[in-house]
Amino acid sequence: MMRNLLLTVYCLFGCFAFVQGAAPLTVKVDKRVELLSIACRLADYEEYSNPKNQLYVADISAHFEPYKNHPLIEYLRQLKKENGIGYDAIAFMAVSIGQPPAFDPIIPFSEKPIPDSRWSAESATKCVALLQQFYDDAHCAEFFDTQKQRYEFYERQIAKIYLHNVDLAWMERWFGTYENARYNIIVAPGNGTHCYGPKYTDTRGVTDYYAITGLFTDKELDSAAFSIDTPYLIPLIVHEFSHSFVNTVVDRNLHRLGKYADQIVRRSPETDTYNHGETLLYESLVRAVVYKYLKAHHASEETFKRQQDWDTSQGFPWIQQLVDYLDQYEQHRDKYPTFESFAKKLQKFYKRMAENL
């Protein structure tokens, strides 16, 4: 756990912040994320349609069912079919635009593409225009007003877990990356059961790291058992924040690593969950970082075993080999001051994995 930390808690439409030096952490429901998640649910995106949070899903259905054929929803269906827009592409869009009702791009799409190749400047611009229209037509402000107490409850419960127990300083030291950064845990009850870790840098050079989580239900959050001892909570957030660091490094080194990752995908039936080489690189590395974090924070053997069982079930039975390989990075930080500087060495690991499968 972090010590000697300055805690600042405030509530303005339920936003909690924990300030650790230059890297504040906030916990909040974000209307951009929530509205796009709701729109994807209306457009029948399977990954956004989990009924687990029954009370909230019922409220969504009661308010938004008349708008299932709105032009925005029809366009999202088209984007899903023709461009593969879904999953984290929606999260990337959400953090690239401002808050309602304007939803203006933080940086014009014509000047800087939003951070996902599935979008184009044209499709992103059209989507935002239709989102603005949907916000008015579907009376979204009124819906958010009716949900204010629920959102504040979510924020309070999640903040109790994370504000004191996510060691962001460790992550920055481990990756060797010290940006002008802000960290944001987005509680996304409309997000289904998937979690995402996008980031976005604005025109001032400030980078927002996001851990978007939609796993929790009212019943779970209200349970006395929901506490820091809930096993998956800290690994989940470390996993998602690590994406912001790892994905950038992978993207810059895809020419070295991509062909071996593609071979692993083709040769290993266990990787069906992540069936693209690029995604396999992202996911294997962030999972390995979670192990490093757990070890540094003296997690129990039970926690490690649970994590390993989960990663094996998700197509990474070889994750411990990668964790061990990263010992070289940790033991030679004089030679590899940043994770980026170690990226060339990763080629050897993935080449060996591809050859031995």
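Presented here is an overview of the structure given in this document. Counting restarts for each chain: residues are numbered from 1 in the order of the written sequence. Reporting in this predicted model follows two pLDDT cut-offs: at least 70 for local features of residues, and 80 or more for side-chain atom pairs to be given and counted; totals over whole chains, interfaces and linings ignore these cut-offs and use all residues. As a rule here, side-chain values cover all heavy atoms of the structure and leave hydrogens and water aside.

Turning our attention to helix α5 (residues 121–137). Residue pairs spaced three or four apart in an α-helix point in one direction, given the helix's 3.6 residues per turn. Starting at the N terminus, helices and strands are each numbered in turn, a helix being any DSSP run of H or I of at least four residues and a strand any DSSP run of E of at least two. In a helix, the anticipated span is given by 1.5 Å times the number of residues less one. Helix length check: α5, at 17 residues, gives a terminal C-alpha distance of 24 Å against a target of 24 Å (1.5 Å per residue), a fit within 8%. Only protein chains enter the area calculation, which uses a 1.4 Å probe; residues under 20% of their type maximum are buried, those over 50% are exposed, and those in between are partly exposed. Every buried residue of α5 is listed here: S123, A124, C127, V128, L130, L131, F134 and Y135. In this description, contact between two residues means that some pair of their heavy atoms is separated by no more than 4.5 Å. Of the surrounding secondary structure, the elements contacted by the buried residues of α5 are α1 (31–42), α2 (54–64), α3 (71–83), α4 (88–95) and α6 (140–146). Positive backbone phi, at 50°, marks H139, one or two positions downstream of α5.

In plain words, nonpolar cores are sets of buried Ala, Val, Leu, Ile, Met, Phe, Trp, Tyr and Cys residues tied together by side-chain atoms within 4.5 Å. Counting residues in each nonpolar core, the largest one holds 115 residues, and the members touching the most others are M93, W119, Y162, F241, F339 and Y350. Residues in contact with Y350, not counting those within four places in the same chain, are L257, Y260, I264, L280, L281, S284, L285, W318 and L322.

Let us look at α3. The first and last C-alpha atoms of α3 sit 17 Å apart over 13 residues, in line with the 18 Å expected at 1.5 Å per residue. Restricting attention to buried positions, one finds in α3 the residues L72, I73, Y75, L76 and L79. The arc enclosing the buried residues of α3, seen along the axis, measures out at 160°, which places them on a common side. Summarising the geometry of α3, the exposed residues directed more than 90 degrees from the buried face are K81 and E82. Its buried side turned inward, α3 meets α1 and α5. G84 sits one or two residues past α3 and shows a positive phi near 70°. As used here, the arc is the angular range of directions from the helix axis to the C-beta atoms.

The next point concerns the pattern of salt bridges. We count a salt bridge whenever a side-chain nitrogen from Lys or Arg sits within 4 Å of a carboxyl oxygen from Asp or Glu. Taken as a whole and judged by the stated rule, the model has 19 salt bridges. R118 is the partner of D88 in a salt bridge, and the nearest nitrogen-oxygen pair spans 2.5 Å. A residue pair is termed long-range when its members are at least 10 positions apart, and D88 in helix α4 and R118 in the loop between α4 and α5 qualify at 30 residues. Here R118 falls in the partly exposed class, since its relative accessible area comes to 25%. Within this structure, D44, K68, E74 and R77 form a network of salt bridges that share partners.

Attention shifts here to the pairing of strand β4 (residues 181–187). Each regular strand displays side chains that alternate between the two surfaces of the sheet. For β4, the tally of buried residues reaches six of seven residues, placing the bulk of the element in the interior. When DSSP finds two or more bridges between two strands, those strands count as paired. Strand direction decides the pairing type here: strand β3 (residues 25–28) and β4, joined by four bridges, are parallel. Bridge pairing links V27 to I185 in β4. Where β4 lies against strand β6 (residues 207–213), seven bridges are found, and the strand directions are parallel. Bridged to R182 within β6 is D208.

On to the packing of aromatic side chains, then. Any two aromatic rings considered together are summarised by their centre-to-centre distance and by the angle between their planes. Put simply, two rings from Phe, Tyr or Trp (the six-membered ring, in Trp's case) pair if the centres are within 6.5 Å, and we call them stacked under 30 degrees between planes, edge-to-face over 60, tilted for the rest. Enumeration according to the criterion identifies 30 aromatic pairs in this entry. Seen in terms of ring centroids, F103 and Y135 are 5.6 Å apart; in terms of plane orientation they differ by 80°. Their pairing is edge-to-face. Residue F103 is located in the loop between α4 and α5, and its partner Y135 is located in helix α5; the two are separated by 32 residues in the primary sequence. Residue F103 shares its accessibility class with Y135, and that shared class is buried. The interplanar angle of 55° and the centroid separation of 6.1 Å between the aromatic rings of Y325 and F342 together place this pair among those described as tilted. Taken as a pair, Y325 in helix α14 (residues 319–325) and F342 in helix α16 (residues 339–356) lie far apart in primary sequence, 17 residues in all. We note that Y325, like F342, is buried. The ring centre of Y45 lies 4.7 Å from the NZ or CZ of K80, which sits over that ring. Geometrically, a lysine NZ or arginine CZ counts as sitting over a ring once it is within 6 Å of the ring centre and also within 35 degrees of the ring normal.

Everything listed here is a matter of coordinates, which is why it stays silent on function.
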